[in-house]
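Analysis of the macromolecular model
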Amino acid sequence: MNSLRLGLSQIAMGVVLAAGLSSTAMAKDISVVGITVGSLGNPYFAATDKGIVARAKKITPNAKIIAVSSDYDLNKQFTQIDNFIAAGAQVIMVNAADPVAIAPALMKAHNAGIAIGAFDVAATGADVTVMTDNVKAGEQACQYIVDHLPNHAGNVIIVNGPQVSSVIDRVNGCKKVLATASGIKILSDDQNAMGSRDGGFSVGQNLLTRFPHIDAAFGINDPTSIGLELAAKQQNRHDFFITSVDGAPDIVGEIKNKDGMIKASSAQDPYGMAAEAYSYAVDVANGKAPPAKVILLTPTLITIDNIASYKGWDPTKAQ
């Protein structure tokens, strides 16, 4: 397992690029843990929940875990955090619906003596945040587009999502790479498909109707990209290929299919990410500071060339 990689500029920013895990020993006095994520119906967040639960069984075996979905609704998440405080939580794990506006809720939790671990997206006021290097994820996915368009030229659409930090970073990383190829034209980049399959399908239908010629598409996550592919099939459009971010279980078969439209996904490790964030949050609850406020995990681009060796999101079951 790789050790932490820390540069001087990253020290100054309080950022660590990492692939290792916290070494938290058995912790004491953690009896209630609250988890709030975007949607437990999304396999990605289901994996984060499983990662936290698995780590909790090892280091805080007596903790009661309360996991809820915010549905990307900030007011709902505020209420959930209030409920965690009322329930006597010692640790709150948060996937923030809004990285900045979440601050008052987290301050209230801090004032109640609660340690806060954030994961997947930034959260102002969290004690520690562990997330994918989402700029890198967007760069990887869109570098594949640049490399596989004939003459590095063509029409590209970006199917956007909720404006949380992870999505914003992915799109920025994608645009940075696409800008290196003067022959690439971005037809659309501002349509919010809500990070879901249904949203990808709906937005995809509109974009495909609007643009009769598309060469490639970038979806901000795998559900979005699968929805876009379904829309393309419904309209009998096979003129473009799709890249994505997540490395979700549903995407593995798509990438294995050489005739499929989805060709690459920058894979995250939601299970390990959330487990690591939990370990650091427990450290904080026990008076130990994390190595940095923000810890970035490097994604891996999966394609048909390396999909056979991909271990997937959940190490407890085979893909």
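Fair warning: this is a prediction, and the values are worked out from it, not measured in the lab. (Residues numbered from 1 in each chain as written. Predicted model: local features only at pLDDT ≥ 70, side-chain atom pairs only at ≥ 80, totals over all residues. Heavy atoms only, no water.)

**Considering the nonpolar core**
By size, the foremost hydrophobic cluster in this structure holds 53 residues, and its most contacted members are Val-33, Val-91, Met-93, Phe-119, Ile-157, Phe-240 and Tyr-278. Non-local contacts of Tyr-278, meaning those with residues more than four positions away in its chain, are made with Ile-30, Val-33, Ile-52, Arg-55, Ala-56, Ile-59, Thr-60, Ala-63, Val-91 and Met-93. In this structure, Ile-102, Ala-181, Phe-218 and Ile-220 belong to the second largest nonpolar core, which totals 40 residues. (Core = buried A, V, L, I, M, F, W, Y, C linked by side-chain atoms within 4.5 Å. Buried < 20%, exposed > 50% of the residue type's maximum accessible area, 1.4 Å probe, protein only. Contact = heavy atoms within 4.5 Å.)

**What about empty space enclosed by the protein?**
Taken as a whole, this structure holds one cavity of 30 Å³ or more when the rule is applied. Volume-wise, the largest cavity comes out at about 160 Å³. Around the largest cavity, the lining comprises 17 residues; the ones closest to its centre are Phe-45, Tyr-72, Asp-120, Ser-166 and Asn-221. Looking at the lining of the largest cavity, the elements that each hand over two or more residues are α2 (43-59) and α6 (165-178). With three residues, α6 is the single largest residue contributor to the lining of the largest cavity. The residue inventory of the lining of the largest cavity, partitioned by class, reads eight nonpolar, six polar and three charged. (1 Å grid on protein atoms, 1.4 Å probe; cavity = no way out; pocket = protein on both sides within 12 Å on 5 of 7 lines; lining within 4 Å. Points joined across faces, edges and corners; volume = space filled by probe spheres on them. Helix = DSSP H or I, 4+ residues; strand = E, 2+ residues; numbered from the N terminus. Nonpolar A, V, L, I, M, F, W, Y, C, P; charged D, E, K, R; others polar.)

**Here's the deal with the environment of Phe-211**
Mapped onto the secondary structure, Phe-211 falls in the loop between α7 (197-210) and β9 (216-219). In this structure Phe-211 comes out as buried when scored by relative accessible area, which is 12%. Note: C-alpha distance between Phe-211 and Ala-231 (20 residues apart in sequence) is 13 Å. Beyond its immediate stretch of four places on either side in the chain, Phe-211 contacts Ile-157, Leu-187, Ser-188 and Arg-237.

**Thoughts on the pairing of strand β6 (residues 128-132)**
Across the five residues that make up β6, a large majority, five, are buried. Here β6 runs beside strand β12 (residues 294-297); their pairing, made up of four bridges, is parallel. Along β12, the bridge assignment pairs Met-131 with Leu-296. (Pairing = 2+ DSSP bridges.)

**A short note on the packing of α7 against helix α8 (residues 222-234)**
For any two helices packed against each other, one specifies the crossing angle of their axes together with the interaxial distance. Contact pair α7 / α8: the axes reach a minimum separation of 7 Å and the direction vectors enclose 45°. Considering the angle they form, α7 stands oblique to α8. Where α7 crosses over α8, the handedness of that crossing is right-handed. Residues Arg-197, Gly-200, Phe-201, Gly-204, Gln-205 and Leu-208 of α7 form the contact with α8, whose own contacting residues are Pro-223, Thr-224, Ile-226, Gly-227, Leu-228, Leu-230, Ala-231, Ala-232 and Gln-234. For the contact of α7 with α8, the per-class residue count stands at eight nonpolar, six polar and one charged. (Axes fitted to C-alpha atoms, helices over the stretch in contact; angles between N-to-C directions. Parallel < 35°, antiparallel > 145°, perpendicular 65-115°, else oblique. Left-handed = near helix turned anticlockwise from the far one by under 90°.)

**So, the layout of surface pockets**
In this model, the second largest pocket occupies a volume close to 260 Å³. Lining the second largest pocket are 17 residues, and of these Asn-42, Gly-195, Ser-196, Arg-197 and Pro-223 lie nearest its centre. Looking at the lining of the second largest pocket element by element, the count peaks at three residues for α8.

**Re the state of the cysteines**
The term disulfide refers to a covalent linkage connecting the sulfur atoms of a pair of cysteines. A complete count under the given rule lists one disulfide for this structure. Each disulfide pairs two cysteine sulfurs, and for Cys-142 the partner residue is Cys-174, the sulfurs being separated by 2.1 Å. Across the S-S bond of Cys-142 and Cys-174 the torsion is about -85°, and the bridge reads as left-handed. With Cys-142 in helix α5 (residues 134-148) and Cys-174 in helix α6, the pair connects residues that are 32 residues apart, well separated along the chain. Here Cys-142 and Cys-174 have matching classes, each one buried. (Disulfide = S-S within 2.5 Å.)

**Re the confidence of the model for the protein chain**
Summarising the model, the protein chain shows a mean pLDDT of 90, and 90% of its residues fall at 70 or more. A low-confidence stretch, residues 1-15 (pLDDT under 50), is modelled with 24 contacts involving residues beyond four sequence positions or located in other chains. Low confidence marks residues 17-25, where pLDDT is under 50. Its contacts with residues over four positions away, or in another chain, come to 34 contacts. (pLDDT = per-residue confidence, 0-100.)

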